[in-house]
Amino acid sequence: MVDRRAFLKTISCAAAGCAAGAALATEDESRYVAEAAFYEKLPYKKIKCKLCPRECVIDDRERGYCGVRENRGGTYYTLVHSRVVTANIDPIEKKPFFHFHPGTLAFSIATAGCNVNCKMCQNWEISQVRPEQVRSMYLPPKQVAGEAAQNRCTSIAYTYSEPVIFYEYMLATADAGHAAGIKSTVVSGGYVQTEPLRKLCRHVDAIKIDLKAFSPKFYQEIVNGEIKPVLDTLVTLRNERMWTEIVYLVIPTLNDGDAEFRGLARWVKENVGVDVPVHFSRFHPEYLLKNLPPTPLATLERAKAIADAEGLHYVYIGNVPGHPAESTYCPRCRRVVVQRTGYSIGAVNINKGKCRFCQEPIAGVWGV
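These lines cover the structure that appears in this document, whether it is placed above or below. If you're wondering where the values come from, they're calculated on a predicted model, not measured in any experiment.

Observations concerning the packing of aromatic side chains
Where two aromatic rings form a pair, the distance of their centres and the angle of their planes describe that pair.
Then, number 1: Evaluation of the coordinates by the stated rule reveals ten aromatic pairs.
Then, number 2: Their ring planes at 65 degrees and their centres at 5.7 Å tell us that Tyr 248 and Phe 280 sit as a pair that is edge-to-face. Taken together, the positions of Tyr 248 in strand β14 (residues 243-250) and Phe 280 in strand β15 (residues 278-282) put the pair 32 residues apart, joining distant regions of the chain. Each member of the pair, Tyr 248 as well as Phe 280, is classed as buried.
Then, number 3: Considering the side-chain rings of Phe 261 and Phe 280, the 5.6 Å spacing of their centres and the 70 degrees angle between planes classify their relative orientation as edge-to-face. With Phe 261 in helix α8 (residues 258-271) and Phe 280 in strand β15, this pair connects stretches of sequence that are 19 residues apart.

Side note on the nonpolar core
Then, number 1: Residues Phe 107, Ile 109, Ile 207 and Phe 280 are the most contacted members of the largest nonpolar core, which totals 87 residues.
Then, number 2: Setting aside anything within four residues of it in sequence, one finds Ile 207 in contact with Phe 97, Val 186, Leu 197, Leu 200, Cys 201, Leu 237, Met 242, Trp 243, Thr 244 and Glu 245.
Then, number 3: Trp 243, Val 337, Val 338 and Ile 350 belong to the second largest nonpolar core, which has 21 residues in total.

Focus on the sheet that holds strand β9 (residues 105-110)
Then, number 1: The strand order β8-β9-β11-β12-β13-β14-β15-β16 describes an open sheet built from eight strands, whose pairing is mixed. If you trace the sheet from one side to the other, it starts and ends with β8 (86-91) and β16 (315-318), each paired once. Averaged over neighbouring strand pairs, the angle between their axes works out to 25 degrees when direction is ignored.
Then, number 2: The sheet contact formed by β9 and strand β11 (residues 155-158) spans four bridges and is parallel. By the bridge assignment, Phe 107 is partnered in β11 with Ile 156.
Then, number 3: Sitting on the sheet, helix α3 (residues 141-150) is in contact with β9 and β11, with an inclination near 150 degrees to β9.
Then, number 4: Packing of helix α4 (residues 167-179) onto the sheet brings it into contact with β9, β11 and β12 (183-188), and relative to β11 it is tilted by some 175 degrees.

Describing the sheet that holds strand β3 (residues 47-49)
Sheets are built from strands that pair by backbone hydrogen bonding, the pairs being arranged parallel or antiparallel.
Then, number 1: Spatially, the three strands line up as an open sheet ordered β2-β3-β4, and their pairing is antiparallel. The open sheet is flanked by β2 (39-41) and β4 (57-58), the only strands paired with a single partner.

What counts and how
- Residues numbered from 1 in each chain as written.
- Predicted model: local features only at pLDDT ≥ 70, side-chain atom pairs only at ≥ 80, totals over all residues.
- Heavy atoms only, no water.
- Phe/Tyr/Trp six-rings, centres within 6.5 Å; stacked < 30°, edge-to-face > 60°.
- Helix = DSSP H or I, 4+ residues; strand = E, 2+ residues; numbered from the N terminus.
- Buried < 20%, exposed > 50% of the residue type's maximum accessible area, 1.4 Å probe, protein only.
- Core = buried A, V, L, I, M, F, W, Y, C linked by side-chain atoms within 4.5 Å.
- Contact = heavy atoms within 4.5 Å.
- Pairing = 2+ DSSP bridges.
- Axes fitted to C-alpha atoms, helices over the stretch in contact; angles between N-to-C directions.

Now the structure itself:
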């Protein structure tokens, strides 16, 4: 646990720039370039990317959809290795992870780029640009691990944009973090192929998936992607025994129907299990959906009630500070086992992974 004074001190460090030795990327571009993983060489110096479901076929001197991976003479390269556009120290609850080391801090980093284009993206200024279009700093893996340790962060979080597109950097940083006793968490849309996902699971400790909707039409029209690969990702994570949490951003008129909530809850129960936390989060107008209102609280409460009725054990309401559904309740005795208000943690009534009151196992990675 981190006391308030320590928390404010580290946040001040983050606001000042965190990595004291990190230099703005102005000259040496070569230090950000490394050969990409997961691609296939084709005739005529073309390549096929095998990292995400798009499987971009890319001509020489061209880039994939994500804008951060480039074919140079028939060899595929990432252009964002150690090329960080933002670094902050966040409560782990902000990701949100509610069942992974509550009350701890995460050293959070991102590069430019994304492999989808969500119309509600809150970080579009970095996700929908190429790396040369935004200021960045050189932050190699060992330095990230060092910054995390110096600022008493339990974990490194790959977040804000889409970690899949800086895959090589993420893996190297996770390994450097583990060598320093720092865990790694991933905040992703889950738009990734199975082979790289399985490899990723051997290097990180927890993954949160943003399930944008439970509708193929929504994914096609609002995300510019497909839902099936994301559902496949969730099943793979279960098979790999990776700690996983799901966030569902509830957007008025687009993905807020009772049938969709019920279908989602039933799918989760049948395919990944009742112990996977599901967070129904309030939407705020962003990017290309500024015409829509914030999610009514009643809609979020209806979504939770439906998921509860379908038998899910840990259903939360997000982006509504102070709501009782921010806290974790024992699925057996219904007493509060982790008390939350916003990103602040109160009482933690978990001992060795069990409810302190009735000894029911509480799914998660608790550290207590």
